[in-house]
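Remarks on the overall topology
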Amino acid sequence: MSEERHNWTQEEILEVYNKPMMELLYEAATVHRQYHDPNTVQVSTLLSIKTGGCPEDCGYCPQAARYHTDIEGNDLMTVPHVKAQALRAKASGSSRVCMGAAWRNVKDGPEFDQVLEMVRTINKLDMEVCCTLGMITENQAQRLAEAGLYAYNHNLDTSEDYYKDVISTRAFEDRLETIDNVRKSNVTVCSGGIIGMGEKVEDRAGMLVALATLNPQPESVPINALVAVEGTPMADLDPIPIWDMIRMVATTRIVMPKTQVRLSAGRTEMSREGQAMCFFAGANSIFAGDKLLTTPNPDVNEDMEMFKLLGLNPQKPFIKVAQPETVEAKDSKYESLGEKPKWTRPGHTIERNEVAKEQAKLTD
Ligand code: SF4
């Protein structure tokens, strides 16, 4: 039985990543079968509860206010709207709803209270609830846990080294601190990254080192392929070959045997054969719905056809970790502290981010 190890080195992970493909696939599929049902894949729905206007400068993201993209910004959704969307997602086979808000960090106040109510509402629908809201403090993580949050997503995006070439408005250590804050609560951790941002294979391995050496390892690791969006600093990057995605999924499966590996953004560019190879290599979750926050994603019916073709079954909720209880706002034992943590702002210059920002000024 392959054990969860927390002492992976970059060299060891590179060795796994670069194995001959057939050997890599065989090893990954073997590990996968030790901890997971190979015919079950979780279907999750990603809901953008607050879109666009983000102050950060993530080079891949069309929601950053400083770049000129076609994204239509929206204020925070209402709780009934979120409930209606969650019910629709459940009816079409999703067992998990991930709510994303384009914020740098969570601020205590009415908007966060509204998100807490969304969490309570979805947990009561017996679905796994995940949030991705930016950096959070320990108190905020505890309040989310109390509302019934199942998972908190905070991606490392890439290696610590390459991070400086992607984002200048926050630091890699802030990501780790948020993950640590989530770990102090009962909420599970979802953290992964994006490949195809111009990084080296060493950076992919570096990101996996950062994730695999966390103890415990994240319960969920999304692997995204960059979707290059017009107006963002990474608009001109070529799509990555499917083989890179398969290698990344297989390596993630081997170094984090128990985690749910999520085949995330970039599926519209992948053939069914390519996706099937990713499932064989250990991916056991997809995001359903025609949009992934703001970028295109395959239609639910297409996915269900693919499931039928491959004999895959959607995973039921809470088969890995028990459903959290929901504590109502009036019974909460945590107060809103109104904290204003000093998250880092490195502020260094990233050439391509600056160019995209200047172009946006000319276009607006
Ligand atoms: S990835 Fe998140 S934090 Fe970065 S610009 Fe986009 S919405 Fe903002």
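We now turn to the structure provided with this report. Given the structure is predicted, the values throughout are model-derived calculations rather than measurements. (Residues numbered from 1 in each chain as written. Predicted model: local features only at pLDDT ≥ 70, side-chain atom pairs only at ≥ 80, totals over all residues.)

1. Things to note about the overall build of the protein chain
Which entries qualify depends on this criterion: A run of H or I in DSSP becomes a helix once it reaches four residues, and a run of E becomes a strand once it reaches two; helices and strands are each numbered from the N terminus. The globule rule used here is 2.2 Å times the number of residues to the 0.38 power, and the radius of gyration it is set against is calculated over C-alpha atoms. Every C-beta atom is placed from the backbone, and the number of other C-beta atoms within 10 Å of a residue's own sets its class: buried at 20 or more, exposed at 12 or fewer, partly exposed in between. Our contact criterion uses C-beta atoms placed from the backbone: two residues qualify when those atoms are within 7 Å.
In terms of regular secondary structure, the protein chain is built from 12 helices and 12 strands. Relative to its length of 364 residues, the protein chain is compact, with a C-alpha radius of gyration of 19 Å against a globular reference of 21 Å. Residues classed as buried in the protein chain amount to 49% of the 364 residues present. Sequence-distant contacts in the protein chain: of pairs separated by 6 or more residues, those separated by 24 or more amount to 82%.

2. With respect to helix H4 (residues 110-123)
Put simply, the rule reads: For a helix, the expected span equals 1.5 Å multiplied by the number of residues minus one. Arc definition: it is the arc formed by the directions from the helix axis to the C-beta atoms.
For H4, which comprises 14 residues, the first-to-last C-alpha distance of 20 Å matches the rise-based estimate of 20 Å (1.5 Å per residue) to within 8%. Those residues of H4 lying buried are Phe112, Val115, Leu116, Met118, Val119, Ile122 and Asn123. Projected onto a plane normal to the axis of H4, the buried residues spread over an arc of 155 degrees and lie on a single side.

3. Some words on the environment of Phe307
Position of Phe307 relative to the elements: it lies in helix H11 (residues 300-310). Classification of Phe307 by C-beta neighbours within 10 Å gives partly exposed; the count is 18. Placed 31 residues apart in sequence, Phe307 and Ala276 show a C-alpha to C-alpha distance of 9.6 Å.

4. Observations concerning helix H5 (residues 138-147)
Counting buried positions over the 10 residues of H5 gives eight, a clear majority of the element. Every buried residue of H5 is accounted for by Gln140, Ala141, Gln142, Arg143, Leu144, Ala145, Glu146 and Ala147. Close packing links the buried residues of H5 with H4, strand E3 (128-132), strand E4 (151-153) and helix H7 (172-183). At the C-terminal side of H5, Gly148 shows a positive phi close to 110 degrees.

5. Considering the packing of helix H1 (residues 10-17) against helix H9 (residues 242-255)
Rule in force here: Axes here refer to lines fitted to C-alpha atoms; in helices the fit is confined to the stretch in contact. Angles between the N-to-C directions go from 0 to 180 degrees. By definition in this entry, angles of less than 35 degrees are roughly parallel, angles greater than 145 are roughly antiparallel, angles of 65 to 115 are roughly perpendicular, and the rest are oblique. By convention the crossing between two helices is left-handed if the near helix lies anticlockwise of the far one by an angle smaller than a right angle, and right-handed if it lies clockwise. Three classes are used, and their members are as follows: Ala, Val, Leu, Ile, Met, Phe, Trp, Tyr, Cys and Pro are nonpolar, Asp, Glu, Lys and Arg are charged, and the others, Gly among them, are polar.
Where H1 meets H9, the closest approach of the two axes is 9 Å, and the angle between their N-to-C directions is 130 degrees. Taken as axis vectors, H1 and H9 run oblique relative to one another. Of the two elements, H1 crosses H9, and the hand of that crossing is right-handed. Residues Ile13, Val16 and Tyr17 of H1 pack against Arg247, Thr251, Ile254 and Val255 of H9. Taken together, the residues that form the contact of H1 with H9 break down as five nonpolar, one polar and one charged.

6. So, unusual backbone geometry
Of note, the bond from Asn215 into Pro216 is cis; its omega dihedral lies within 30 degrees of zero at 0 degrees. Considering the arrangement of structural elements, one finds Pro216 in the loop between helix H8 (201-212) and strand E7 (220-225). One non-glycine residue with positive phi stands out, namely Asp157, at about 75 degrees. Relative to the assigned elements, Asp157 resides in the loop between E4 and helix H6 (160-163). You can call Asp157 buried: it has 23 C-beta atoms within 10 Å. The residue Phe318 is not glycine, and still its phi comes out positive at about 60 degrees. On the basis of neighbour counts, which here come to 15 C-beta atoms within 10 Å, the residue Phe318 falls in the partly exposed class.

7. Quick look at the pairing of strand E8 (residues 260-263)
For clarity, the cut-off: When DSSP locates at least two bridges between a pair of strands, those strands are taken to pair. By convention a crossover is right-handed if, when the strands point away from the viewer, the path from the first strand over the helix to the second runs clockwise.
Neither face of E8 is open: one carries Gln260 and Arg262, the other Val261 and Leu263, and all of them are buried. As paired elements, E7 and E8 share four bridges and run parallel to each other. Looking at E8, one finds that Ile223 is bridged to Leu263. At this point the chain moves from E7, through H9, to the parallel E8, and the crossover so formed is right-handed. When E8 meets strand E9 (residues 283-288), the two strands line up parallel, connected through three bridges. Considered in E9, the bridge of Leu263 is made with Ile286. Between the parallel pair E8 and E9, the chain is carried across by helix H10 (residues 272-280), and the sense of this crossover is right-handed.

8. Some details on the environment of Leu208
Tracing the backbone shows Leu208 in helix H8. C-alpha separation for the pair Leu208 and Ile13, spaced 195 residues apart in sequence, amounts to 7.7 Å. The residues contacting Leu208, other than those within four sequence positions of it, are Ile13, Thr251, Thr252 and Val255.

9. Comments concerning the pairing of strand E1 (residues 40-50)
Two faces make up the sheet, and in a regular strand the side chains alternate between them. Burial analysis of E1 places 10 of its 11 residues in the buried class, the great majority of the element. Across two bridges, the pairing between E1 and strand E12 (residues 313-314) is parallel. Bridging across to E12, Val41 finds its partner in Pro314. As paired strands, E1 and E9 are joined by four bridges and run parallel to one another. Bridging across to E9, Gln42 finds its partner in Ser285.

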